[in-house]
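If you want the building blocks of each chain, they are given just below.
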Amino acid sequence: MTCRSMLGLVFLVSASSKVRSRPAYLAFTAGLVQTTLVTPRYASAVGAIAVVAEVLVFSLLVWPPAVLFGYILASGTMAVLLGGILVVIRRKVVAPCLCFGTARVPLGRRQLVRNAGLFTVANLGLVATLLRVGSSDPMVLACAGIAGAVCGSIIIRLDDLVFLLAEPESE
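Residues numbered from 1 in each chain as written. Predicted model: local features only at pLDDT ≥ 70, side-chain atom pairs only at ≥ 80, totals over all residues. Heavy atoms only, no water.

A few points about the environment of Leu-82
No. 1: Inspection of the secondary structure assignment puts Leu-82 in helix 4 (residues 67–91).
No. 2: Its relative accessible area of 15% is what places Leu-82 among the buried residues.
No. 3: Distance from Leu-82 to Cys-143, taken between C-alpha atoms, is 30 Å for residues 61 residues apart in sequence.
No. 4: With near-sequence residues (within four places) excluded, Leu-82 lies in contact with Leu-112, Asn-115, Ala-116 and Phe-119. (Helix = DSSP H or I, 4+ residues; strand = E, 2+ residues; numbered from the N terminus. Buried < 20%, exposed > 50% of the residue type's maximum accessible area, 1.4 Å probe, protein only. Contact = heavy atoms within 4.5 Å.)

Comments concerning the packing of aromatic side chains
No. 1: With the rule as written, the count across this model stands at one aromatic pair.
No. 2: Consider the rings of Tyr-25 and Phe-28, whose centres lie 6.3 Å apart with planes at 55°: the pair is tilted. With a gap of three residues between them, Tyr-25 and Phe-28 both fall in helix 2 (residues 22–34), about one helical turn apart.
No. 3: Tyr-25 gets classed as buried once you look at its relative accessible area, which sits at 16%. (Phe/Tyr/Trp six-rings, centres within 6.5 Å; stacked < 30°, edge-to-face > 60°.)

Brief notes about the nonpolar core
No. 1: In this structure, Leu-7, Val-10, Phe-11, Leu-61, Tyr-71, Ala-74 and Leu-118 are the most contacted members of the largest nonpolar core, which totals 18 residues.
No. 2: Listed by contribution, the elements that provide at least two residues to this core are helix 1 (2–19), helix 3 (40–62), helix 4, helix 5 (109–130) and helix 6 (138–156).
No. 3: Ranked by residue count, the leading element in this core is helix 1, at five residues.
No. 4: The contacts of Leu-118, once residues within four sequence positions are left out, are Met-6, Leu-7, Val-10, Met-78 and Ile-155.
No. 5: Counting seven residues, the second largest nonpolar core, distinct from the first, contains Ala-15, Val-38, Ala-43 and Val-51. (Core = buried A, V, L, I, M, F, W, Y, C linked by side-chain atoms within 4.5 Å.)

Some words on helix 1
No. 1: When the terminal C-alpha atoms of helix 1 are compared, their 26 Å separation across 18 residues agrees well with the 26 Å that a helix rising 1.5 Å per residue should span.
No. 2: Every buried residue of helix 1 is listed here: Cys-3, Ser-5, Met-6, Leu-7, Gly-8, Val-10, Phe-11, Ser-14, Ala-15, Ser-17 and Lys-18.
No. 3: Contact partners of the buried residues in helix 1: helix 2, helix 3, helix 4, helix 5 and helix 6. (Expected span 1.5 Å × (residues − 1).)

Side note on helix 5
No. 1: With 22 residues, helix 5 extends 31 Å from end C-alpha to end C-alpha; this agrees with the ideal 32 Å at 1.5 Å per step.
No. 2: Every buried residue of helix 5 is accounted for by Gln-111, Arg-114, Asn-115, Leu-118, Val-121, Ala-122, Gly-125 and Leu-126. Seen from one end, helix 5 has its buried residues packed into an arc of 135°, which puts them on one side. In helix 5, the exposed positions that point more than 90 degrees away from the buried face belong to Arg-109, Val-113, Leu-124 and Leu-130.
No. 3: One or two positions beyond helix 5, positive phi appears at Arg-132, with a value near 60°. (Arc of directions from axis to C-beta.)

Things to note about the environment of Ala-43
No. 1: Structurally, Ala-43 can be placed in helix 3.
No. 2: Judged by relative accessible area, which is 4%, Ala-43 ranks as buried.
No. 3: As for Ala-43 and Phe-11, which are separated by 32 residues in sequence, their C-alpha atoms are 20 Å apart.

Some points on the pattern of salt bridges
Opposite charge on two side chains permits pairing when their charged atoms draw close.
No. 1: For the coordinates displayed, the defined rule picks out one salt bridge.
No. 2: The closest approach of N and O atoms between Glu-54 and Lys-18, which form a salt bridge, is 3.1 Å. Of this pair, Glu-54 sits in helix 3 while Lys-18 is found in helix 1, placing the two residues 36 residues apart along the sequence. Of the two residues, Glu-54 and Lys-18, both sit in the buried class. (Salt bridge = Lys/Arg side-chain N within 4 Å of Asp/Glu carboxyl O.)

Brief notes about a nonpolar patch on the surface
No. 1: Together, Ile-146, Val-150, Ile-154, Leu-161, Phe-163, Leu-164 and Leu-165 give the surface a local cluster of nonpolar side chains, amounting to about 770 Å² of exposed area.
No. 2: Breaking the nonpolar patch down by element, the ones donating at least two residues are helix 6 and helix 7 (158–165).
No. 3: You can see Ile-146 is positioned in helix 6.
No. 4: Taking relative accessible area as the criterion, Ile-146 reaches 54% and is therefore assigned exposed. (Patch = residues over 30% accessible without salt bridge, like charges linked within 9 Å, V, L, I, M, F, W, Y side chains within 5 Å. Areas by Shrake-Rupley, 256 points an atom, 1.4 Å probe, with all protein chains shown as cover.)

This is how it looks when you write it as structure tokens:
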């Protein structure tokens, strides 16, 4: 339940931040072009595929009979995103991370580590689902769900937290 809650929140916020307005979606697709991984011609289609995948992950994770497929799609989506960020870093391209909205932090190691963590969580959830590990105790499920939501919130606001906790630059 912790993995489901965490991933569900992260994918829901990620998708909704991209489609909350036309300017938000256009900024997201422009950011895709800035990565040099996508040409302007395909940016809208690739952006739409990304948003649909994120919505599907959320939808599958909240519907109990489809949780296994939610984890599989989450794992695959994170693998693609990890690969993309790795290529951007290796090419030394400066492109904004618009994963959760308007943050203008460039894609880099922090986003690579964040997505590796999400990939790991998706695979842990997948294994736990396959092995039928978990509890049916409502209190345990509630605590696990809350823990996942807290972890997901930290992941979503990670760039802001790093900014707030960073040492001020001396002039």
